[in-house]
Amino acid sequence: MTSHTSPATAAVMLAAVSLSLAGCGISDDQADPTWTVGAASTPALETGAPQLATKRLRVASLMKTAGCKGKVIGTQLYSYETGRCQLAGGEVTLAVFDTAENRTAWVDAGAAFGGTAVTGKGWAAVTDAPDTAAALAEKLDGKVGNQ
């Protein structure tokens, strides 16, 4: 006698396995707490062991700090959030990343399109004008070029 699983049953089983596996790893927010803002040690509820509370770096927050007027746009390759704004007479595309490797890959991929790169811890930007790049680097404590 053979057993057949209906497509609906298979979908439910796959979802259950996916959910159980999702709880086994470290979330993106906990992967590298050095690239987060607002990190603080808080006690865990059950174990009493310290737990790292983190908040991801956000494009809108960086744009606000820089005084760059614009909006969050569709996420680009390698980044988890991207924005486009105007600063010091130039256009800026700003993105935030989980790793330095992703940031470097984003900057390298963008080099083919021209512009001036600005990088900082957890973020990178490309501008259409060198003066805009210098202003952004100063406001966000970054560096013109890929650091």
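Above this note sits the structure.
This text gives an overview of the structure that appears in the document. (Residues numbered from 1 in each chain as written. Predicted model: local features only at pLDDT ≥ 70, side-chain atom pairs only at ≥ 80, totals over all residues. Heavy atoms only, no water.)

### Some words on helix α4 (residues 100–110)
Part 1 of the argument: Residues of α4 that are buried include every one of Arg103, Trp106 and Val107, and no others. All buried residues of α4 project into a common sector of 95° when viewed along the axis, lining one side. (Buried < 20%, exposed > 50% of the residue type's maximum accessible area, 1.4 Å probe, protein only. Helix = DSSP H or I, 4+ residues; strand = E, 2+ residues; numbered from the N terminus. Arc of directions from axis to C-beta.)

### Let's talk about the pairing of strand β5 (residues 90–96)
Part 1 of the argument: Counting buried positions over the 7 residues of β5 gives 6, a clear majority of the element.
Part 2 of the argument: In this sheet, β5 lies alongside strand β4 (residues 81–87) in antiparallel orientation, the contact comprising 7 bridges. Bridging from a neighbouring strand, Thr82 pairs with Ala95 of β5.
Part 3 of the argument: Taking the residues that link successive antiparallel strands as the turn, the β4-β5 hairpin has 2 residues, and the phi of Ala88 there is positive, at about 50°.
Part 4 of the argument: Here β5 runs beside strand β7 (residues 123–127); their pairing, made up of 5 bridges, is antiparallel. Bridge pairing links Val96 to Trp123 in β7. (Pairing = 2+ DSSP bridges.)

### A closer look at the pairing of β7
Part 1 of the argument: With respect to burial, β7 is a largely interior element, 4 of its 5 residues being buried.
Part 2 of the argument: The pairing of strand β6 (residues 116–120) with β7 spans 5 bridges and is classified as antiparallel. Note that in β7 the partner of Thr119 across the bridge is Ala124.

### A word on the state of the cysteines
In a disulfide, the sulfur atoms of two cysteines are covalently bonded to one another.
Part 1 of the argument: Evaluation of the coordinates by the stated rule reveals 1 disulfide.
Part 2 of the argument: Paired through a disulfide, Cys68 and Cys85 show a sulfur-sulfur distance of 1.8 Å. Disulfide Cys68-Cys85: torsion about the S-S bond near 90°, hence right-handed. Of the two residues, Cys68 sits in the loop between α3 (59–66) and β3 (69–73) while Cys85 sits in strand β4, which places them 17 residues apart along the sequence.
Part 3 of the argument: Judged by its relative accessible area of 6%, Cys68 falls in the buried class. (Disulfide = S-S within 2.5 Å.)

### Concerning the sheet that holds β4
Part 1 of the argument: Pairing is antiparallel across the open sheet formed by 6 strands, whose spatial order is β3-β4-β5-β7-β6-β8. The strands lining the two open edges of the sheet, one partner per strand, are β3 and β8 (143–144).
Part 2 of the argument: Contacting β3, β4, β5 and β7, α3 crosses the sheet at an angle of about 20° to β4.
Part 3 of the argument: α4 contacts β5, β6 and β7 of the sheet and is inclined by roughly 10° relative to β7. (Contact = heavy atoms within 4.5 Å. Axes fitted to C-alpha atoms, helices over the stretch in contact; angles between N-to-C directions.)

### Things to note about the environment of Cys85
Part 1 of the argument: Residue classification places Cys85 among the buried positions, given a relative accessible area of 3%.
Part 2 of the argument: Taking the C-alpha atoms as reference points, Cys85 and Lys69, separated by 16 residues in sequence, lie 5.0 Å from one another.
Part 3 of the argument: Setting aside residues no more than four positions away along its own chain, Cys85 makes contact with Met63, Cys68, Lys69, Gly70, Gly90, Glu91 and Val92.

### A word on the nonpolar core
Part 1 of the argument: Val92, Leu94, Trp123 and Leu136 are the most contacted members of the largest nonpolar core, which has 20 residues in total.
Part 2 of the argument: Going through the elements one at a time, α3, β4, β5, β7 and α5 (130–139) are the ones with two or more residues in this core.
Part 3 of the argument: Those residues within four positions of Val92 in sequence are excluded, and the remaining contacts are Cys68, Gly83, Arg84, Cys85, Leu87, Ala125, Val126, Thr127, Thr132 and Leu136.
Part 4 of the argument: Ala95, Phe97, Val107 and Ala124 belong to the second-largest nonpolar core, a separate cluster that totals 6 residues. (Core = buried A, V, L, I, M, F, W, Y, C linked by side-chain atoms within 4.5 Å.)

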